[in-house]
Amino acid sequence: MAAKQVLMLGAGFVTRPTLDILSDAGIKVTVACRTLERAKELAKGVKNAYPISLDVTDDNALDAEVAKNDLVISLIPYTFHATVIKSAIRQKRHVVTTSYVSPAMLELDQQCKDAGITVMNEIGLDPGIDHLYAIKTISEVHEAGGKILSFKSYCGGLPAPEDSGNPLGYKFSWSSRGVLLALRNAASFYQGGKVVNVAGPELMAEAKPYPIYPGFAFVAYPNRDSTPYKERYHIPEAQTIVRGTLRYGGFPEFIKLLVDLGFLSDDENSALKEAIPWNEATQKIIGASGNSEQDLISAITTKASFKDDVQTEQLLAGLRWIGLFSSEKIVPKGNPLDTLCATLEQKMQFEEGERDLVMLQHKFEIENKDGSRETRTSTLCEYGAPVGSGGYSAMAKCTSLISTSKPFIVVGVPCAVAVQQVLDGVISEKGVLAPMSPEINNPLMKELKEKYGIECKEKVIS
């Protein structure tokens, strides 16, 4: 039988572990990026990888490449997924993405069914592994005649605790802009049977301490709109449904300060188009009377609120650590957000020997058939290999990338496993799919656990 062939679009952080797994399985992978150099860089040293340059906005070129393959992996920005799926419909080829199903993608569901193709989505970490273990417990409870009264799910990709020593307790292994922009999003969730809406500027004020293990000082805040999961997870009985993000303590307060001061604004600021010192840039951004540290702090304490003197000193020390009061030159980007990101990316990258961490936990409040109640958790805790160690991480083989961590394995492996199961017919349902049923999920969980040791640990805690 001829070897399967896959077209991989994108060169992001997930692509290398996915590429390595498929190559090792004997699958020929055409690696397509906008530039041939980037595709060559990603494919270097991989036996079954073939780099090409491809512009996905060129329908004819995209169709020609899609037609040569059995399946397309779309790891490019989600706004292009509908374009890729339309090409796959024309060529009758399957698609896998790690992204959430967007309205534009869902509109193509019937066309995908008519073409006889599977478009499998939301199969990374979050979304992905989170769905697998949410559906598992929910299905088990329902089959036993029970109810889900409350569902809370929080996930975070973080530095390991010993490597989190900066004001944010965070390090950037992908776009700092994307991370910070997400903090401006509004959130909605169910709490006690009612929908709670949180405006973007108030999101960080919603963060609360969230205990998972005593050794971690986590805080949690809601992430975007959790309300559709009452229907998606088939839990109409649930009174509380929250999906959110984990960070270390201190992160929300520091981000809120940056928001209050205007540093997360992407509005154009002509003063930030030249390489001026940071103290001058900070003066322009916050409207201080001068650029001395005393003038800047005076303006900051006027514009922002602080809980007490201890917090004031902690947050000001954080601004000082970033360099916002210094004479160090900015990397001019034309607006506060991107100018700040340029500095954060310089100061907050993973360094040699450091490692990162993924923590995911579902918490279910359950009413059993007999009326008794219990709390169950489903928890994934994965550490990455230290940067530069060449340890168990496909990312360690990709020397052009900063982080070499297993959390990317935890994203890349589910994607690769889904690709193989679609190609093998294990996942055979047609249309635009996500891992929302035991029929799809159980084979994925089985292979992830048995072959890669990736699983959530399930416990009854009360």
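Here the residue numbering is sequential within each chain, running from 1 through the sequence in written order. With pLDDT at 70 or above as the cut-off, local features in this predicted model cover only qualifying residues; side-chain atom pairs require 80 or more to be listed or tallied, and sums for whole chains, interfaces and linings still use all residues. By convention in this description, side-chain values take in all heavy atoms of the structure and omit both hydrogens and water.

1. Quick look at the overall build of the protein
Put simply, the rule reads: Put simply, DSSP marks the helices as runs of H or I at least four residues long and the strands as runs of E at least two long, and each gets a number from the N terminus on. The globule rule used here is 2.2 Å times the number of residues to the 0.38 power, and the radius of gyration it is set against is calculated over C-alpha atoms. Per-residue accessibility, obtained with a 1.4 Å probe over protein chains only, is compared with the maximum for each type, and a residue is labelled buried under 20%, exposed over 50%, and partly exposed between these values. Contacts: residue pairs with any heavy atoms within 4.5 Å of one another. The protein chains shown are the only cover counted for residues, whose accessible areas, like all others here, come from Shrake-Rupley with a 1.4 Å probe. A residue counts as positive if it is Lys or Arg and as negative if it is Asp or Glu; His and the chain ends are not included. Where a charge lies is defined by one atom per residue type, namely NZ (Lys), CZ (Arg), CG (Asp) and CD (Glu).
Summing up its helical and strand segments, the protein has 16 helices and 16 strands in all. The C-alpha radius of gyration of the protein comes to 23 Å, within 12% of the 23 Å expected for a compact globule of 462 residues. Principal-axis analysis of the C-alpha atoms places the extent of the protein at approximately 75 × 60 × 40 Å. Per-residue burial over the protein gives 56% buried out of 462 residues. Sequence separation of at least 24 residues holds for 67% of the intrachain contacts in the protein that already meet a minimum separation of 6. Carbon together with sulfur atoms contributes 49% to the accessible area of the protein, which is approximately 19,700 Å² in total. Across the protein, the mean location of the 49 positive side-chain charges is 3 Å away from that of the 56 negative side-chain charges.

2. What to know about the nonpolar core
The line we're drawing: In these notes, a set of buried Ala, Val, Leu, Ile, Met, Phe, Trp, Tyr and Cys residues joined through side-chain atoms within 4.5 Å is what counts as a nonpolar core.
Judged by nonpolar contacts, the single largest core of 57 residues is most densely connected at Ile 255, Phe 263, Ile 286 and Leu 319. For this core, the element with the highest residue contribution is helix H10 (residues 251-261), accounting for 6 residues. Not counting residues up to four positions away in its chain, the partners in contact with Ile 255 are Leu 168, Leu 180, Leu 183, Met 204 and Leu 264. Counting residues in each nonpolar core, the second largest holds 47 residues, with Val 46, Cys 415, Ile 454 and Cys 456 among its members.

3. A look at the packing of aromatic side chains
Counted only if it meets this: Any two rings among Phe, Tyr and Trp, with Trp reduced to its six-membered ring, count as a pair given centres within 6.5 Å; such a pair is stacked if its planes are under 30 degrees apart, edge-to-face if over 60, and tilted if neither. In this analysis the charged atom, NZ for Lys or CZ for Arg, is taken to sit over a ring once it is within 6 Å of the ring centre and within 35 degrees of the ring normal.
All told, the structure shown has 9 aromatic pairs when counted by the stated rule. When the centroid spacing of 6.4 Å and the interplanar angle of 45 degrees are considered together, the rings of Tyr 213 and Phe 216 count as tilted. Classification of Tyr 213 as partly exposed rests on a relative accessible area of 33%. Ring geometry for Phe 263 against Trp 278: centres 6.4 Å apart, planes inclined by 50 degrees, an arrangement best described as tilted. Pair noted here: Phe 263 is in the loop between H10 and helix H11 (278-286) and Trp 278 is in helix H11, with a separation of 15 residues, a long-range link. Judged on exposure class, the residue Phe 263 and its partner Trp 278 are both buried. Aromatic ring contacts, followed pair by pair, group Phe 151, Tyr 229, Tyr 233 and Phe 364 into a single cluster. Cation over ring: Lys 28 sits above Tyr 50, and NZ or CZ is 5.0 Å from the ring centre. Positioned above the aromatic ring of Tyr 190, the side-chain terminus of Lys 230 is 4.5 Å from the ring centre.

4. Some words on the pairing of strand E1 (residues 5-9)
Side-chain positions along a regular strand alternate between the two faces of the sheet. Threshold: Paired strands are those between which DSSP finds at least two bridges.
The element E1 is largely enclosed, with a buried count of 4 among its 5 residues. Relative to strand E2 (residues 28-33), E1 runs parallel, the two being bridged by 5 bridges. The partner of Leu 9 across the bridge, within E2, is Ala 32. Bridge count between E1 and strand E4 (residues 71-74): 4 bridges; the pairing is parallel. Each residue of the ladder has a partner; that of Leu 7, found in E4, is Val 72.

5. With respect to the confidence of the model for the protein
Rules: Confidence scores here are pLDDT values: one per residue, from the predictor, ranging 0 to 100.
When pLDDT is averaged along the protein, the result is 91, and 94% of the positions lie at 70 or above. A low-confidence stretch, residues 391-408 (pLDDT under 50), is modelled with 63 contacts involving residues beyond four sequence positions or located in other chains.

6. A short note on the pattern of salt bridges
It is possible for side chains of opposite charge to pair when their charged atoms get near one another. Applied cut-off: A pair is scored as a salt bridge if a Lys or Arg side-chain nitrogen falls within 4 Å of a carboxyl oxygen belonging to Asp or Glu.
In total, this model carries 25 salt bridges according to the counting rule given. With a closest N to O distance of 2.5 Å, Arg 243 and Asp 130 form a salt bridge. Taken together, the positions of Arg 243 in strand E12 (residues 240-248) and Asp 130 in helix H7 (residues 129-143) put the pair 113 residues apart, joining distant regions of the chain. The pair Arg 243 / Asp 130 is uniform in exposure class, with both members buried. The shortest N-O distance in the salt bridge between Glu 140 and Arg 376 comes to 3.9 Å. Of this pair, Glu 140 sits in helix H7 while Arg 376 sits in strand E14 (residues 373-383), placing them 236 residues apart in sequence. The class for Glu 140 is partly exposed, based on a relative accessible area of 34%. Connected through salt bridges with shared partners, the residues Lys 136, Glu 140, Glu 374, Arg 376 and Glu 458 form a single ionic network.

7. Focus on the packing of H10 against helix H13 (residues 309-322)
Rule in force here: Lines are fitted to the C-alpha atoms to define the axes, a helix being fitted only along its stretch in contact, and any angle between axes, read from their N-to-C directions, falls within 0 to 180 degrees. Roughly parallel means an angle under 35 degrees; roughly antiparallel means over 145; roughly perpendicular covers 65 to 115; every other angle is labelled oblique. Residue type decides the class: Asp, Glu, Lys and Arg count as charged, Ala, Val, Leu, Ile, Met, Phe, Trp, Tyr, Cys and Pro as nonpolar, and the leftover types, Gly among them, as polar.
Two numbers describe how H10 lies on H13: the axes approach to 10 Å, and their chain directions differ by 70 degrees. One element, H10, and the other, H13, form an angle in the roughly perpendicular class. Along its contact with H10, which presents Glu 253, Phe 254, Leu 257, Leu 258 and Leu 261, the element H13 presents Gln 311, Leu 315, Gly 318, Leu 319 and Ile 322. A class-by-class count of the residues in the contact of H10 with H13 yields 7 nonpolar, 2 polar and 1 charged.

8. Details of the sheet that holds strand E5 (residues 94-97)
Read from one edge of the open sheet, 7 strands run E3-E2-E1-E4-E5-E6-E15, paired in parallel fashion. Taken across any chain shown, the strands that pair with only one partner, and hence form the sheet edges, are strand E3 (49-53) and strand E15 (431-433). Along the sheet, successive strands turn relative to each other by an average axial angle of 20 degrees, direction set aside.

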